[in-house]
Amino acid sequence: MVIKKEFINTLFCIGVLLVITGCTSSKKAPPSSTTPNTVLISSEDLKALKQSANEWKTVEPKVNDLLELEGQLSKLTTRLKAIDETNTAGTNNAQTTTPTESILKSDQAFFAIQVAAFNSKIKLNTALANLKRKIPTFFSNNIAVNVETKVIKTNTFYRLKLGAYKTNKQATTACEALKQQKINCFVTYYTQEKPQPTL
């Protein structure tokens, strides 16, 4: 009898569980007024999206051209680095004493060291004379001295540049040598404009 009572209790519990799970699973989601993939936006937003899509259609070919140019520039940069490393390896073997020996007197120079910029030629020539007194060994190798004239808004500036280097690495080495002598400088592009003496 005890077994029968336990059996009935077990069947009753199973039945209750089935009813409860059946009730919860049979609940339906409330009907929605839109399908799952529909997005509601205002007419102004729709107009803005259409305008953006039209703008993209006109710009897309130009963006693709830019991406193609970027790829070509990347390849060119890789080739230039390889050429620079080859040139540097060749000049490092030939270099025997000081970094200023890498200074070139050539039209093939691409880099120089900028040491100052002034708003008057008089100040530039004074600074150049002071540099020649302060670091005569640097100028003893007949270093190229050039000036870049730059007009910014209504002001004219004269950038004092030293050296004519084929590679960025050569210019950086020479600039580091100047910094050890407490001369501020940075590597920049080479120009062929010579300083004019002031009268």
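Residues numbered from 1 in each chain as written. Predicted model: local features only at pLDDT ≥ 70, side-chain atom pairs only at ≥ 80, totals over all residues. Heavy atoms only, no water.

S.K.: Quick question: what am I supposed to make of the sheet that holds strand β3 (residues 155-165) here?
M.R.: Pairing between the strands of a sheet is mediated by backbone hydrogen bonds and can be parallel or antiparallel. If you walk across this open sheet you meet the four strands as β2-β3-β1-β4, and the pairing is antiparallel. Among the strands making up the open sheet, the edge pair consists of β2 (145-152) and β4 (186-189). Ignoring strand direction, the axes of neighbouring strands in this sheet form an average angle of 45°. Pairing of β2 with β3 involves eight bridges; the strand directions are antiparallel. Of the residues in β3, the one forming a bridge with Asn146 is Lys161. Helix α3 (residues 121-134) contacts β1 (111-118), β2 and β3 of the sheet and is inclined by roughly 30° relative to β3. Helix α5 (residues 168-180) rests against β1, β3 and β4 of the sheet, and its axis sits at about 45° to β1. (Pairing = 2+ DSSP bridges. Helix = DSSP H or I, 4+ residues; strand = E, 2+ residues; numbered from the N terminus. Axes fitted to C-alpha atoms, helices over the stretch in contact; angles between N-to-C directions. Contact = heavy atoms within 4.5 Å.)

S.K.: Just checking my understanding: could you explain the packing of aromatic side chains for this structure?
M.R.: Describing an aromatic ring pair means giving the distance of the ring centres and the angle of the ring planes. This model, assessed by the stated rule, comprises one aromatic pair. Look at Phe138 and Phe139: their rings are 6.1 Å apart centre to centre, the planes differ by 80°, and that puts the pair in the edge-to-face class. With a relative accessible area of 14%, Phe139 lands in the buried category. Here the basic side chain of Lys161 rests over the ring of Tyr189, its NZ or CZ set 3.8 Å away from the ring centre. (Phe/Tyr/Trp six-rings, centres within 6.5 Å; stacked < 30°, edge-to-face > 60°. Buried < 20%, exposed > 50% of the residue type's maximum accessible area, 1.4 Å probe, protein only. Lys NZ or Arg CZ within 6 Å of the ring centre and 35° of its normal.)

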